[in-house]
Structure formats: structure tokens, C-alpha cells
Amino acid sequence: MKGRLLLLLVLCFTAGLHTAGAQSKSKSKTPDAVSSGISGKADLVSRMAWWRDARFGMFIHWGLYAVPAGEWNGKTGYGEWIRTSAEIPLDDYDQFRTKFNPVKFDADAWVKMARDAGMKYIVITSKHHDGFCMFDTKETDFNIMTTPFKRDPMKDLAAACKKYGLKFCFYYSIMDWHHPDYLPRREWEKERTAEGADYDRYVAYMKAELKELLTSYGDIGVLWFDGEWESTWNEKHGREIYDYVKSLQPKVLVNNRVGAGRLDMEGLTKEGAFGGDFGTPEQQIPATGLPGVDWETCMTMNDHWGYNKADKAFKPTREIIRMLADIASKGGNYLLNVGPTSEGLFPKESVDRLAAIGRWMKVNSEAIYETQASPFRQLSWGRCTRKNSADKTILYLHVFDWPADGKLVLQGVLNTPEKASLLADPQRTALKTDRNEDALVIYLPKTAPDTINSVVALELQGKLDQTDPPVFATEFDMFTDSLSVNLTSDREHVEIRYTTGSQEPVAASALLTHPLTIKTTTTLSGRCFRDGKPVSGTITREFRKTDPLKAQEQERAMYPGLRYQYYEGAWDSLPDYHKLVPIADGVVPDFIFTPRNQDDNFSFVYTGFVMIPETSVWFFYTSSDDGSRLYIDDKPVVDNDGLHGSAEKQGTIALAKGYHKIRVAYFDRTGSDNLLVSVKSQTQPKQVLPKSWLFFN
Ligand code: H79
């Protein structure tokens, strides 16, 4: 896949933010930040405390790349990756140094803007992938002291952060496109020899610079590593650097990119690998909270991290404010980026947004700082954050969609409300509340005080007694003959009652004691009860009976394997094969890339039959880098097209036992390549599509 294009894809991903899907808790991940067991982790809770309370920080991507401002040879789509994306030779890039003179830089103004936006910390690029050091370092001349500016802006920023009470933090790239000892070289950089390069010496250089960063700027809140994914960096390096920076500043926090175990842009560390102190989703927000894992979503305001003069695709303030609430409701932090100009100014669009966020935070920050994740799996009208004390619980109800009938309904809460009030109301006048079985009803004024997000503080007596609706313990909502459906609840001392139909289950409804077997299209509703009273809202889902596609007549002999056609070309998505002539064709045992002539810019189309072992609804998956698509009996089932890193997509189809036509198209642009096809049925767990099921004739 191609790194820069990933951005667009993950932006599409986050666009689904306000649609259905669990909003908090549930998904259980290894608490990598807790379980790694190395010496430095004993004090994690106390070290993390300020960070967990802060919830909101500013990322700043500032470096030499601000000089070209995203433009090279007439193309304007570049950012902080410009040296590599536009393939700028080292000497040309070096010239930007003579033009970097941020005479309008005002550290006090920057930090004040962050403070006024409600941000509690600043993470700034001390060195990005280009290797240029934005601080006064003795370790290389490739630094800000050799620009016309001749000053260390980090000194001013450290002082301003101290003045305004923000934590000052450094981003530091492990990948370095400038240092002679860093390896590997860029693929296109043929003239830059790697001869004499010594990676150990590069690691020593990193350490010397980190020592400067940790000894010259006072207390550093976080060291935010990045660019760790190249093969030269390993877990041992990660642990060594982690221990090293902690030996210099015992309280510093370190993100998971110090290690080598980050899986993808979801930003979490693979199980068992060293994951630093917190995970780092990039340009995306996890679908659910991640219990036991500290995490921080970093995100651009437009489509670039570094300043890009042509990029006006700034997110609306509304979206940013709702993302902050969404992230807080899932127990994460939001690190929102600004890309200043080479003159030292924040783009006007960023300044405006920061000010607007600040106006919201001035009224509502109580619902962000020091809060914990929502106890609710999903709320139709918005998000929730919470605070607990010994004898009281406060739920902050972030109302995105103001109820037309004036009634805000909170299901599954049994506590007695002490008071409900709007944070936007300076008098904090008590709103009328009511109970309807398990639900609390809060009567709201006619109009929302804030059309983006109005927060109701709901103070409840005692420890929270809250129950989510039960969940269906099946991924299938379609079946061919029959389906076993179960409902479960994570609450103790509850029983689940259900109805077949959409009417709300009541105390007299059927009690669920074992999984139900359904044989016709059925709508099921389930609800939790305790002592004969409902304690949760209701979940409703339709399970649809469907006719399986008939198997293909087997007229000719079948042989194990698949036919393939091999193509070459540089595509951004799957090409129109009708217009192409394959370079080679033949038979392969399964979805492999042999034979091929080149590592990049190629495509395979596989055709044949899949022997489906049982009549069922089937899930098919393709995981691919870059794009792929899977067809069964000429119907598109999985669409995983486009330029991207390893990503899995899923599709569903009901199939009768027997042979079905299968076709998988795959292409690779640049970078890594892979394709994996998996299946799952109503009775069989997910597995890689076995070779023994594949045939051609
Ligand atoms: O500094 C900003 C970007 O310049 C930087 N991170 C943010 C904070 C960044 N560099 N690269 N990318 C973002 C995208 C790179 C993605 C990939 Fe990978 C690297 C795809 C394959 C290698 C990381 C490792 C994600 C998947 C595996």
C-alpha cells in the first residue's frame, strides 16, 4: 500500500462516527499498558494520572516541510512527508533551511490558544521523519540553529507551557530520512549509499538527542515516538529507549510506538508485544472503549499534519467537538493537530476552530476533564461521560440530538436522581425528572442551549446501578434452515425475558433459559429483569430466513486449485479487466502471488469453484494490501477495493452445499502485499479458506 493515501481511507472510516454501533465499553483487549511486566511500569497509575484527567491535548507538526507548504513541482498534495512523497533529493531539501525563518512565532500566543481551547498538553515535533531537528542539538547541524531563525523555539514553548500550566511533550521520529546511519534508505533514493551506515550508531544518536530533550526543557510530559515500523527497529530497541528515557525523567510517559508491535492505524499493540504506556489510534476513533488500555486518538483538523497551503478541508467545529465527547465517552484522549506555517503562525482556520472549541469547553469542560468512559453501550441521542465519588455518581449526558418532545430518556438506570441541570445554565436550575420503570426521564427546555452538544449533568445517589439491554450472542441475522439465537447480559442477578415481535418485553413475557432455535423469519426483543421488574431497555432485532443459492451443476471433472490471470500496472483501485490482457495465466493451489515478475504494481484474478461443505449463511472475508474483491456465483460478496494497508472486509451470502463459482480479484500498488481469504458459517468458526475446498475445471 502507499502510506499517504491511507489518510483518506481512515477519514472515511471516522465518518461513520455518529451512526449505529456500540459507543463504549464491551470490546475486550489485552491491557498491554499494564501487563508487560517490565520494571518501569510499577508506577504507571501515578504517572498516568494527569494524562487520564486531561483528555484533550494539542499536536503540533512544525518543521522544514512548512517551507514548501505542501507544494512541489506544481503538485500541492504534500505535507510533512513531502521529502519522500515528492522524492526530493537531500541537497534540495536541505535548501529549505535557508528559508525557514518563523519571525512571527510567538510561543506565548500558541500555548495560550491551546489553553483557551481547553487543551491540557502540547506534543510538538522535535524531529519528524525528515530528520530535521526543531531544537538546539549538538548532535547534528541539520537543526533550527542553522536556519536564519537561529533560535530554539522549544525553549520558548517550554516556558510558555510552564506559565499556562500545560504539560510540554515531544514527538520524536525513529525513522530518519537524513541521518547517514539510519537504515533502510528510501527505495527511490538510489544515489544515497548505505555504505558505512551503522544502525547502532544511529540508536546512540537518538539517545544523545533524547538526553538533550529530557535535560534542557524542564519536565516533559510525554515522549511521543513514531516511524517505528521499519524492519530495523525492534522490540529490544523499544524497551531500551523506554528504560533510557525513564532513567532521565522517571515520570515521563511514552506512547506505544516506542515498541515494534503496533498492528495498524487502529494504533494498538499486538498481544504480548511491548506497548509503552498508551495506544495511539491515528485519524480514527475506536468503535468501542478499550477497557484496561489507555489510548489517545491523534487527528488532523484538515487532511494534513504539516502545513499545506492548499488544504482547506477543515473539519467543522461541530464534528471536532462531538469527536472530543465521543472519545471521552470511550475513555480516551484527543490529540488534535495544528500545522503552523514557516512564518510561525497557526492557520486561520485552526485558530477559529480552537476558539470555538474553547467557547464550548468554557461551559462544558467539567464533562470532559477527569471523567471516565460511558457505562452505556449506546445512546440514541448522544454520548455519556461519568464521575464517581463515594456516595454519588454524576453522569454527563452529551446531547447531540435534542429530543423534539422535550424528554431525554435514559434507560436502565435505577439510582434515585438528586439533580439534573444543564451545564449551559449558569444558575444550574434543576430540571424536572421522572421515572418510567427502568428509565429516567429528564424534561428539557424547548431549545438546545448548544446545537452541537448540550450537556446535562445528572447527579445520582450512590453507586451507579445501571443495566444495558441484553445483547444477541450471534453475528448472524440471516439463516437458511434454522438459527440458534441467544441473549446475554453482563449484569449479575438479572433474568432475560423476550417476545417474538417488536413489543417491549414485560414481567410476564417468556423467560429465556436456553438458546432459542428459530425456523422462520422472526423479530426478537429482549430485556433484563430483576425481582420481576424491568431493569434495562429493550433490544430488538430481525432474523431473516433466506433461500440459499443452489450449487452449480458439476458437468465436468474438477481438479484441485484455481485458475489465475496475472496483470501488471499501477492502479489505485481494481482495474477493468475487460480492457486488459493478462501477462500470464495458469493454475495455482490457492491465493498466492506466484508466479509474478515484480514486487509492486501487479494484479491477480483467481477463478474456480469453492466446495461449500454445508448449507448455511456464509461469511466471506478478504484481508488484503492493497485492494481486493470476492464474488460467489458472479455476485459481489466482499468489496475490499482501494489503496490501503492490510485491511479486512466481510460479506454475507446464503449458499447450498456443493460447488459454487468463486472469483477473487486483487491488486498491489507499492509497499507490502498480501491477500487472505477466510470463511465462517453458522456452525463453523472463522477459518482461512482451506485449499482443499478450491477447484477448477
Ligand atoms: O506524524 C504524522 C504522520 O506523518 C505519521 N504519523 C502522524 C502522527 C505517519 N507516518 N506514516 N503514516 C502516518 C502512515 C503510515 C502508515 C504505515 Fe504502517 C506504515 C502503513 C504501513 C507502514 C503503521 C505500521 C501502520 C501500519 C503498519
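Please read all numbers here as calculations on a predicted model, not as lab measurements. (Residues numbered from 1 in each chain as written. Predicted model: local features only at pLDDT ≥ 70, side-chain atom pairs only at ≥ 80, totals over all residues. Heavy atoms only, no water.)

**Q** Run through the environment of S454, naming residues and quoting values.
**A** Summarising the element assignment, S454 is placed in strand β14 (residues 454-461). Judged by its relative accessible area of 2%, S454 falls in the buried class. Counting along the chain gives 201 residues from S454 to L655, while the straight-line C-alpha distance between them is 49 Å. The residues contacting S454, other than those within four sequence positions of it, are L397, H398, V399, W402, L422, A448 and P449. Within the structure, the side chain of S454 is placed 2.8 Å from the backbone oxygen of D450, a separation counted as a polar contact. (Helix = DSSP H or I, 4+ residues; strand = E, 2+ residues; numbered from the N terminus. Buried < 20%, exposed > 50% of the residue type's maximum accessible area, 1.4 Å probe, protein only. Contact = heavy atoms within 4.5 Å. Polar contact = N/O pair within 3.5 Å; in protein donor to acceptor, adjacent residues only side chain to side chain.)

**Q** Tell me about the pattern of salt bridges, and please be specific about residues and values.
**A** Pairing between side chains of opposite charge can happen when their charged atoms approach one another. Evaluated as defined, the whole model comprises 45 salt bridges. Residue E71 pairs with K309 through a salt bridge whose shortest N-O separation is 2.6 Å. Taken together, the positions of E71 in the loop between β1 (56-60) and α4 (82-85) and K309 in the loop between β6 (296-299) and α10 (317-329) put the pair 238 residues apart, joining distant regions of the chain. Where salt bridges share partners, they join D226, E228, R257, R262 and E282 into one cluster. (Salt bridge = Lys/Arg side-chain N within 4 Å of Asp/Glu carboxyl O.)

**Q** How would you sum up the domain arrangement of the protein? Please name residues and give values.
**A** Each domain of the protein was delimited in the assignment, giving domain 1 (12-367), domain 2 (382-461), domain 3 (471-545) and domain 4 (559-696). Relative placement of domain 3 and domain 4: their C-alpha centres are 37 Å apart. In this structure, K680 and E475 form a salt bridge, with 2.6 Å as the shortest nitrogen-oxygen distance. The interface formed by domain 3 and domain 4 holds 2 residue pairs in polar contact (both at pLDDT 80 or more) in total. Within the side of domain 3 that touches domain 4, the residues separate by chemical class into 4 nonpolar, 2 polar and 2 charged. (Domains from an automatic or database assignment. Nonpolar A, V, L, I, M, F, W, Y, C, P; charged D, E, K, R; others polar.)

**Q** Explain the nonpolar core to me, using residue names and the numbers behind them.
**A** Judged by nonpolar contacts, the single largest core of 100 residues is most densely connected at F168 and F225. Looking at this core element by element, the count peaks at 8 residues for helix α8 (residues 199-215). With residues up to four places along the chain from it excluded, the contact list for F225 reads Y172, I174, M206, L210, I241, V245, V254, N255, R257 and V258. By size, the runner-up hydrophobic cluster in this structure holds 28 residues, among which are V638, V664, L675 and V679. (Core = buried A, V, L, I, M, F, W, Y, C linked by side-chain atoms within 4.5 Å.)

**Q** Break down the site of the ligand for me, with residues and values.
**A** Taken together, 16 residues surround the ligand, and among them H61, E80, H128, D226 and E282 come closest. Take H61: an N or O atom from its side chain is 2.7 Å from an oxygen atom of the ligand. Within the side chain of H128, an N or O atom sits 2.7 Å from an oxygen atom of the ligand. Broken down by class, the residue content of the shell around the ligand amounts to 7 nonpolar, 3 polar and 6 charged. (Near = heavy atom within 4 Å.)

**Q** Describe in detail the pairing of strand β12 (residues 433-436), supporting the description with residues and values.
**A** Direction of pairing for β12 relative to strand β13 (residues 439-443): antiparallel, over a ladder of 4 bridges. Along β13, the bridge assignment pairs N436 with A439. Hairpin remark: β12 followed by β13, antiparallel, with 2 residues in the connecting loop; positive phi at E437, about 55 degrees. (Pairing = 2+ DSSP bridges.)

**Q** So, the packing of α10 against helix α11 (residues 348-364): which residues are in play, and what are the values?
**A** Contact pair α10 / α11: the axes reach a minimum separation of 10 Å and the direction vectors enclose 50 degrees. Relative to α11, the element α10 is oriented oblique. Here the hand of the crossing between α10 and α11 comes out right-handed. Residues T317, I320, I321 and L324 of α10 form the contact with α11, whose own contacting residues are R353, A356, I357, W360 and M361. Broken down by class, the residue content of the contact of α10 with α11 amounts to 7 nonpolar, 1 polar and 1 charged. (Axes fitted to C-alpha atoms, helices over the stretch in contact; angles between N-to-C directions. Parallel < 35°, antiparallel > 145°, perpendicular 65-115°, else oblique. Left-handed = near helix turned anticlockwise from the far one by under 90°.)

**Q** Lay out the confidence of the model for the protein with the relevant residues and their values.
**A** Of all residues in the protein, 94% have pLDDT values of 70 or greater, and the mean over the chain is 93. Confidence, read as mean pLDDT per element, is least for helix α1 (residues 3-15) in the protein (36) and greatest for β1 (99). In this model, residues 2-22 is a region of pLDDT below 50 whose contacts with residues beyond four sequence positions or in other chains number 44 contacts. Within the model, the stretch residues 25-39 combines pLDDT values under 50 with 38 contacts to residues more than four positions away or in other chains. (pLDDT = per-residue confidence, 0-100.)

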